[in-house]
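A look at the structure
Each chain is listed here by its residues.
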Amino acid sequence: MPDWDPRIAELHQELDKHDLLPLWTQREDLMPTHPLPAAVPHRWRWADLYELAARAGELVPVGRGGERRAIALANPGLPNVPHATPTLWAAVQYLGFHEVAPVHRHSQNAFRFVLEGDGVWTVVDRDPIAMRRGDLLLTPGWAWHGHYNTGDAPMAWLDGLDIPLIGALDNEFFQFGPDTIGDRTTPERSSGELLWGHPGLRPLSAPRDISTSPLSAYRWEHTDAALTAQLELEAAGNPHAVTCPGHAAVRFTNPATGGDALSTIRMEMHRLRAGARVPASRESASSVWQVFTGTGVFHLDAEHVEVGRGDLVAVPSWTEVAIDAMDELDLFRFSDTPVRERLGLYLTDATNPAATGGTAR
Ligand code: 1HN
C-alpha cells in the first residue's frame, strides 16, 4: 500500500473513529496461511496437580455456590482464562471422604476420566454411576448431575468440558438442582449400562433418535480388552488391526448412532507398545492427552516433552505431534474434532495441500 499519501493516514484515523478497520492492513491476521493458535503446547505434571488439589481439599470446602472443587489447566498462551485450548476445558476435581458435589445442570457437555481411585458415584439424571480407575463417564449437556464420595479416601479425576467453545458461542445456560442429593446408593452398574452396555445389542424400548450417548459409563475392562485384542491380532500377523505398527486405538462412541459419545468432544484411548512411535502429523483440531500408564516423549513442533503417569498435555490446532513410547504407554485423549467435522472444517496435513506448501484450490 502506498504510505506516502497523507490522506491514507487520515482515512485510517477516520475509519478508527467510526469503529471500522480496513482489511488491507489486517490481511495476515484475518487470513493466515494456516492456523496460528495463541494457545501453546504445554505439559502439566500429575504430581503437582494432585498435590495442589489435595491442599485445596484441606482448605476449600465444596458445596452450593462454588459447586465443584476443580482446578483448571490454564494454557500459558491464553492468559487469564481457565482454558486448556481455545475450545476445551480440562480440570482435576478432588472430592474428599463423604463429601458431596451438589446437583446442577448446564448446557456445556462434560466427561470424567478416572486415573486412579474409586468410591465416588456420579449421579446423572438420577442414575448413579460408579467411578473407577480407567472408566470414562459422560455428563451430556443439560443432564442433572452431582457426585458423592462413599469410599474411605479422597478421590481425584480428570474433568473435560466444552466450556470455551460454548462461551465463544454465547450459549451458556446453568441451573441449580435440589440442595440434597437424595439416597446415596452405590449400584455396581448404572441403568444406562444395564440397557446399553452389551456389544451390538440395541434395546428395542429405546427411542429412535438419540443424539448423545445413552451409555453413561465406558468401563476400563472393555477399553483394555479392545486395545489388548488389537495388539494381539497385530502380533498374530494382521497389520490392519492397528492404526500403525504397535499402536492400538479406540474411540468412545454413542452405541445408538456410532457417532462420537458427546456431540462436541471426541474421546479416545491409545496404547503403544514399548518402543512404538506415533508418526508426526498436524490436524486442525485442538486436544488434550493424559497418560494413563507408562512413560514416553511427546514431540510438539520443536519441543520434546517427557511424560509419565497422569501427566497432561495440551496440543493446539496445527501443532506437529509425534509420540514415542518408552515402555508400554496408555494414553487418554480428548479433542474438539466432532465440531470441526460437522462444520466441514477438519483438516490434516495429509488432506490439506496448503500444509505442505502446495496451493489449495
Ligand atoms: C462442572 O459441573 C463439573 O459437574 C466439573 O463435576 C467442572 C467446570 C465449570 C463448570 C461446571 C462437574 C466444571 C463444572
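For every chain, the first residue of the written sequence is number 1, and numbering continues from 1 onward in sequence order. Selection of residues for local features in this predicted model requires a pLDDT of at least 70, selection of side-chain atom pairs for listing and counting requires 80 or more, and totals for whole chains, interfaces and linings are taken over all residues. Excluding hydrogens and water, the side-chain values take into account all heavy atoms of the structure.

The subject of this paragraph is the pairing of strand 8 (residues 136-139). A simple rule labels every residue: compare its accessible area, found with a 1.4 Å probe on the protein chains alone, to the largest value its type can have, and call it buried under 20%, exposed over 50%, or partly exposed in between. Comment: elements are numbered from the N terminus, with helices defined as DSSP H or I runs of at least four residues and strands as E runs of at least two. Neither face of strand 8 is exposed, since Leu 136 and Leu 138 on one face and Leu 137 and Thr 139 on the opposite face are all buried. Pairing between strands requires that DSSP locate at least two bridges from one strand to the other. As paired elements, strand 8 and strand 12 (residues 217-218) share two bridges and run antiparallel to each other. Bridge pairing in strand 12 links Leu 137 to Ala 217.

Right, let's talk about the site of the ligand for a bit. In the vicinity of the ligand, the contacting residues are Arg 68, Trp 89, Gln 93, His 104, His 106, Arg 112, His 145, His 147, Asp 159, Leu 161 and Ile 163. What qualifies as a polar contact is a pair of N or O atoms within 3.5 Å, subject to a donor-acceptor requirement within protein and to the restriction that residues adjacent in sequence count only when both atoms come from side chains. Measuring from an oxygen atom of the ligand, one finds a side-chain N or O atom of His 106 at 2.9 Å. Where accessible areas are quoted, they stem from the Shrake-Rupley method and a 1.4 Å probe; at the residue level, only the protein chains shown are allowed to cover. In isolation the ligand offers 330 Å² of accessible surface; the protein chains occlude 85% of this area. Note that Gly is not counted as nonpolar here; it falls among the polar residues with everything else outside the nonpolar set of Ala, Val, Leu, Ile, Met, Phe, Trp, Tyr, Cys and Pro and the charged set of Asp, Glu, Lys and Arg. When grouped by side-chain class, the residues that make up the shell around the ligand number three nonpolar, five polar and three charged. Residue proximity to a molecule or strand is established when one non-hydrogen atom of the residue lies within 4 Å of it.

Moving on: the sheet that holds strand 6 (residues 120-124). Within a beta sheet, neighbouring strands are joined by backbone hydrogen bonds and run either parallel or antiparallel to one another. Strand order in the open sheet made by the five strands is 7-6-9-4-11, with antiparallel pairing throughout. Whereas interior strands pair on both sides, the edge strands pair on one side only; in this sheet they are strand 7 (127-131) and strand 11 (174-176). Ignoring strand direction, the axes of neighbouring strands in this sheet form an average angle of 25 degrees. In terms of strand pairing, strand 6 meets strand 7 through five bridges, oriented antiparallel. Note that in strand 7 the partner of Val 120 across the bridge is Met 131. A fitted line through C-alpha atoms represents every axis, and for helices the fit uses only the stretch in contact; the resulting angles, taken between N-to-C directions, go from 0 to 180 degrees.

Glancing now at the sheet that holds strand 20 (residues 321-325). Here four strands make up an open sheet; going across it, the order is 15-20-17-18 and the pairing antiparallel. In the strand order of this sheet, the two ends are held by strand 15 (277-281) and strand 18 (303-307), each with one partner. In this sheet, adjacent strand axes meet at a mean angle of 15 degrees when their direction is disregarded.

Moving on to the pattern of salt bridges. When their charged atoms lie close together, side chains carrying opposite charge are able to pair. What counts as a salt bridge is simple: a side-chain nitrogen of Lys or Arg found within 4 Å of a carboxyl oxygen of Asp or Glu. Overall, the coordinates contain 25 salt bridges when judged by the stated rule. Put simply, Arg 45 and Asp 311 hold a salt bridge, and the shortest N to O gap is 2.6 Å. Of this pair, Arg 45 sits in the loop between strand 1 (42-44) and helix 3 (46-59) while Asp 311 sits in the loop between strand 18 and strand 19 (312-315), and the two are 266 residues apart along the sequence.

Quick look at the nonpolar core now. Only buried Ala, Val, Leu, Ile, Met, Phe, Trp, Tyr and Cys residues count toward a nonpolar core, and they belong to the same one when joined by side-chain atoms within 4.5 Å. Residues Phe 111, Leu 136, Met 267, Phe 332 and Phe 334 are the most contacted members of the largest nonpolar core, which totals 41 residues. Within the second largest apolar cluster, 16 residues are counted, among which are Ala 276, Val 278, Val 291 and Leu 300.

Relative to the helices and strands, Pro 214 is located in the loop between helix 5 (191-196) and strand 12. Counting along the chain gives 35 residues from Pro 214 to Ala 249, while the straight-line C-alpha distance between them is 22 Å. Here, two residues are considered to be in contact whenever any of their heavy atoms come within 4.5 Å of each other. In this view, Pro 214 contacts Gly 192, Trp 196, Asn 254, Pro 255 and Ala 256; residues no more than four positions away in its chain are not counted.

Only the six-membered ring of Trp is used, alongside the rings of Phe and Tyr, when aromatic pairs are assigned; centres must lie within 6.5 Å, and planes under 30 degrees apart are stacked while those over 60 apart are edge-to-face, with the rest tilted. By the definition in use, this model includes 12 aromatic pairs. Ring centres of Trp 220 and Phe 292 lie 4.6 Å apart, and the angle between their planes is 55 degrees; on these two criteria the pair is classed as tilted. Taken together, the positions of Trp 220 in helix 6 (residues 220-235) and Phe 292 in strand 16 (residues 287-293) put the pair 72 residues apart, joining distant regions of the chain. Judged by relative accessible area, Phe 292 falls into the buried class, the value being 1%.

Of note, the phi angle at Asp 125 is positive, near 45 degrees, even though the residue is not glycine. Relative to the elements of secondary structure, Asp 125 occurs in the loop between strand 6 and strand 7. At Trp 142, a position not held by glycine, the phi torsion is positive, near 70 degrees. Examined against the element boundaries, Trp 142 turns out to sit in the loop between strand 8 and strand 9 (145-149).

The subject of this paragraph is the pairing of strand 10 (residues 155-161). Within strand 10, seven of the seven residues are buried, which leaves it mostly tucked inside the rest of the structure. Of the two faces of strand 10, the one lined by Met 155, Trp 157, Asp 159 and Leu 161 and the one lined by Ala 156, Leu 158 and Gly 160 are each fully buried. Alignment of strand 5 (residues 110-113) against strand 10, held across four bridges, turns out to be antiparallel. Within the sheet, the bridge partner assigned to Phe 111 lies in strand 10 and is Gly 160.

Before going further, it helps to examine helix 3. Between the first and last residue of a helix there are one fewer steps than residues, each counted as 1.5 Å, and that sum is the expected span. Spanning 14 residues, helix 3 covers 20 Å between terminal C-alpha atoms, matching the ideal 20 Å at 1.5 Å per step. Among all positions of helix 3, only Trp 46, Leu 49, Ala 53, Ala 54 and Ala 56 are buried. Along the axis of helix 3, the buried positions cluster into a sector of 155 degrees, meaning they face one direction only. Relative to its buried face, helix 3 has exposed residues pointing more than 90 degrees away, namely Ala 47, Glu 58 and Leu 59. At its buried positions, helix 3 is contacted by strand 1, strand 2 (70-72), strand 3 (89-95), strand 10, strand 16 and strand 19. Note: the arc covers the axis-to-C-beta directions of the helix.

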